[in-house]
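Structure at a glance
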Amino acid sequence: MKKKLILCALFFLMILAIPFVSFGFLANQTKHTTAQAVTKIAETGPVSSKEPRTGTLQTAEQQKTASAVTVTTDSKQQTKQPFRLQDDGTNSILNVSEREFLIGTLACELSPDSPEESLKAQTVAAYTYYSKKRVDSRKQGKKADFSVNTKAWLYYTTKAQRKALWGDDYKQNEKRLSKAVDSVLGETLQYKGELITATYHAISSGQTENGSDVWGGTYPYLTAVASPWDKYADDYKSTCTFSAEEVSQQVKQHESNCKLPSNPKDWIGKCTRTDSGAIKTIQIGSATLDGVEVRNLFSLRSSNFSVNYQNGAFTFTVLGYGHGVGMSQYGANAMAEQGKTYKEILAWYYPGTDFVQPS
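Reference entry: report on the structure contained in this document. (Residues numbered from 1 in each chain as written. Predicted model: local features only at pLDDT ≥ 70, side-chain atom pairs only at ≥ 80, totals over all residues. Heavy atoms only, no water.)

Structural notes on the packing of helix H4 (residues 116-139) against helix H11 (residues 342-349)
Let me state the cut-off plainly: A fitted line through C-alpha atoms represents every axis, and for helices the fit uses only the stretch in contact; the resulting angles, taken between N-to-C directions, go from 0 to 180 degrees. Starting at the N terminus, helices and strands are each numbered in turn, a helix being any DSSP run of H or I of at least four residues and a strand any DSSP run of E of at least two. Note on angle classes: values under 35 degrees are labelled roughly parallel, values over 145 roughly antiparallel, values of 65 to 115 roughly perpendicular, and the remainder oblique. Each crossing gets its handedness from the near helix: less than a right angle anticlockwise from the far helix is left-handed, clockwise is right-handed. Residues count as neighbours in contact if any of their non-hydrogen atoms are within 4.5 Å of one another. Any residue outside Ala, Val, Leu, Ile, Met, Phe, Trp, Tyr, Cys, Pro, Asp, Glu, Lys and Arg is labelled polar, Gly included; the first ten of those are nonpolar and the last four are charged.
Running from N to C, H4 and H11 point in directions that differ by 50°, and their axes come no closer than 8 Å. When the axes of H4 and H11 are compared, the pair comes out oblique. As H4 runs across H11, the sense of the crossing is right-handed. Residues Glu117, Ser118, Lys120, Ala121, Val124 and Ala125 of H4 touch H11, and the partners they reach there are Tyr342, Ile345 and Leu346. Tallied by class, residues from the contact of H4 with H11 come to 6 nonpolar, 1 polar and 2 charged.

Right under this line is the structure:
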């Protein structure tokens, strides 16, 4: 009888171990490509069902019921130490408390008069994103956790800079941002017990991009979701026009071996797009470039664009603003105005994540 009980117990433990063994195998398979993707994300910056499939677009009906699982834990990833910032504006390293950093980064990302719930959502996303960068940087022994430019209001700006810009509105703006930060300080988003790469952007094309389409790697929580509110943004659509000579110069400077047909109308060839519409690859003459390369070459607001040649010039029509992955800041504002809480906003833009509160 005892032998039977022991055998049954061993069989039960083997069954429980299967998913963990499988997960370990899959993690090893994707480790290399995800590491490459992390490098790409670090270069571009944040500018934001339990197992969603990458590439799946959630519906408006699913959005109504989206919610994050809330857990309380003493997260090992959160050091609760000051952020060490490489300030490219002053060429110095700043040691900034978590609270002050979040107020300063929130000021760079959203207008102080944004809805309170979207300010909270932005705070949690930023804290998650930069906490992960802090952990990763310190594991590598770097002197600074990441770079900012306080003078350019890039990722973080100081209290002195905020006072100078806001003037008479400083106290009111600072109070509003401080209230949002204090209400969610220390809260993060996690996936399978790890801080997520909580990227965000200004305006999507109407639905967000899969992280794998933009950076490669595997990010189950950075999957395409509908963000229809973005189409109502004042600067949702933008255009840029360049002469044929300017286009030729930029392309050949990037791809020195590129050969362009004699007639400029034949320069733009086939292109491939993501499920959300961004350019993945586009043929320009003999060169094949990815959408991010073209965006950078011509300083476009996003990689979701079309090109038209007429009267000796190329016109780029661009949708959205930013890389399009993760939370849309315009969409977050719109959801907050519709009565959604910051938890619902975050659950929508980072599906399948756990909402973690500090103990």
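Quick word on the sheet that holds strand E2 (residues 83-87)
Stated precisely, the cut-off is as follows: When DSSP finds two or more bridges between two strands, those strands count as paired.
Strand order in the open sheet formed by 3 strands is E3-E2-E4, and the pairing between neighbours is mixed. Of all the strands in the sheet, just strand E3 (92-96) and strand E4 (146-148) have a single pairing partner and so form its edges. Direction aside, neighbouring strands of the sheet carry axes that sit 40° apart on average. With 3 bridges connecting them, E2 and E4 associate as parallel partners. Bridge assignment links Asp87 to a residue of E4, and that residue is Val148. H4 rests against E2 and E4 of the sheet, and its axis sits at about 90° to E2.

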